[in-house]
Amino acid sequence: MAVDTNVIIYERIKEELTKGKGYIPAINEGYRRSLPPVLDGHMTVLMTAIILFYFGLGPVKGFATTQILGILLSLFCGILVSRWISDWFTNKKRHLEYFTGISRRIFKHASFKFIEFRKIAYGISIVVLLLGVGSFFHGFDYGVEFDGGRSYTVHFDKKVDVEQIRGELKTAFAGENATIKTVGDAATLDITTSYLIKDTRTSADSLVEITLFNGLQKHLPANLSYEKFVAGATAKDKIGKIASKKVLPTISDDLRRGAINDTIFAIIVIFLYIFVRFRDWRYSLGTIVALLHDVLVTLIVFSFARSIVPFPMEIDQHFIAAILTVIGFSMNDTVIVFDRIREYNKQMHG
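What this report covers is the structure whose coordinates are included nearby.

## Some words on helix 1 (residues 2–18)
Because an α-helix packs 3.6 residues into every turn, residues spaced three or four apart end up facing the same way.
Alright, step 1. Between its first and last C-alpha, helix 1 extends 25 Å over 17 residues, near the 24 Å set by a 1.5 Å rise per residue.
Alright, step 2. All buried positions along helix 1 are accounted for by Thr 5, Ile 8, Ile 9, Arg 12, Ile 13, Lys 14, Glu 15, Glu 16 and Leu 17.

See below:
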């Protein structure tokens, strides 16, 4: 966002310079005309971040906090700090060079046939829409938050290869992808799996722990028995399981509904914001269609590529955070284009 803000401003200054204006009038006009798209772009992303913060849980709330701070700082630096630097150089009679030889030629002769190729774009949109609908029938790999599962913290006597363990556990868990994160260093892992989570037998917990032990046995000391592996001791130097927790499917159903509600609420809020800012429902509709393309393409990849790629592609809380971020950045790009259309619409007809 910070880079985009400065690119928008400097490109606008370049346009004013191309029209023959002096440096100071071009800088003033560039910053003035850049303010609406920069403000709208940041506001759309900020709204999705606020929704994430309000409805998110755990690390998602932390992610949203970081994003909100980043957006506010980006807006402050883009509008005020970069302008102060430009004015400082201008007052010193040292004008910034906004063009290179290559960019001047590209800018002068730029001609893209957007309208001519619209039928091809329509075809691509139809394919994206059909594949997007098909992805819901093809299915997704849901993370523990949405499908339920068990999480184990396991300590080893040395650092281990996470990717090797991931592959071995996938075999042990009958094709189920385990989510593995390092805790401190690669000698302690947090392993999360949905294996047998829907099994209602009282022995299900023990069966999963036995399977986990068998899957990790190559990386554990040869004299370590299953009983010692699952013992309840939590000493720092203990080898084996040092902690575990379980997320039931009933809890994950609530999280799934909440994630869907978050996304729908974000789309509605953005629709209304664009409608208020542009005073024309067609801009809002175009914005929603544009963001649906980005969301559907992401869903298509996560649905159809999950059995091809060598790493897990799961729908979890982090995925929802990413989707809402994609929505925000999609809005940023669309708002910039629509703002220019709105400006030209006052000057031209047709």
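So much for the structure itself; the text now carries on.
## A look at the packing of aromatic side chains
Alright, step 1. One pass over the full model with this rule turns up eight aromatic pairs.
Alright, step 2. Consider the rings of Phe 136 and Phe 140, whose centres lie 5.9 Å apart with planes at 80°: the pair is edge-to-face.
Alright, step 3. Note on Phe 136: relative accessible area 55%, which makes it exposed.
Alright, step 4. Residues Phe 213 and Phe 229 carry aromatic rings whose centres are separated by 5.3 Å and whose planes lie at 55° to one another, so their mutual orientation is tilted. One end of the pair, Phe 213, is in helix 8 (residues 204–216); the other, Phe 229, is in helix 9 (residues 226–229), with 16 residues separating them in the sequence. For the pair shown, Phe 213 and Phe 229 are each scored as buried.
Alright, step 5. Chaining the aromatic ring pairs together yields one cluster made of Phe 213, Tyr 226 and Phe 229.
Alright, step 6. One Lys or Arg, Arg 83, reaches over the ring of Tyr 31 and ends 4.9 Å from the middle of that ring.

## Some words on the side chain of Ser 330
Alright, step 1. Following the sequence through the fold, Ser 330 ends up in helix 12 (residues 317–347).
Alright, step 2. Given a relative accessible area of 5%, Ser 330 falls into the buried group.
Alright, step 3. Not counting chain neighbours up to four residues away, the residues in contact with Ser 330 comprise Ala 290, Leu 291 and Asp 294.

## A few points about the environment of Ile 270
Alright, step 1. Assignment of secondary structure puts Ile 270 in helix 10 (residues 249–278).
Alright, step 2. What makes Ile 270 buried here is its relative accessible area of 0%.
Alright, step 3. Spatially, the C-alpha atom of Ile 270 lies 8.3 Å from that of Thr 48, the residues being 222 residues apart in sequence.
Alright, step 4. Excluding anything up to four places from it in sequence, Ile 270 contacts Thr 44, Thr 48, Thr 287, Ile 327 and Met 331.

## A word on a nonpolar patch on the surface
Alright, step 1. Residues Phe 76, Leu 80, Val 81, Trp 84, Ile 85 and Trp 88 make up a contiguous nonpolar surface patch of roughly 610 Å² in combined accessible area.
Alright, step 2. In this fold, Val 81 is placed in helix 3 (residues 59–91).

Rules and cut-offs
Residues numbered from 1 in each chain as written. Predicted model: local features only at pLDDT ≥ 70, side-chain atom pairs only at ≥ 80, totals over all residues. Heavy atoms only, no water. Helix = DSSP H or I, 4+ residues; strand = E, 2+ residues; numbered from the N terminus. Expected span 1.5 Å × (residues − 1). Buried < 20%, exposed > 50% of the residue type's maximum accessible area, 1.4 Å probe, protein only. Phe/Tyr/Trp six-rings, centres within 6.5 Å; stacked < 30°, edge-to-face > 60°. Lys NZ or Arg CZ within 6 Å of the ring centre and 35° of its normal. Contact = heavy atoms within 4.5 Å. Patch = residues over 30% accessible without salt bridge, like charges linked within 9 Å, V, L, I, M, F, W, Y side chains within 5 Å. Areas by Shrake-Rupley, 256 points an atom, 1.4 Å probe, with all protein chains shown as cover. Salt bridge = Lys/Arg side-chain N within 4 Å of Asp/Glu carboxyl O.

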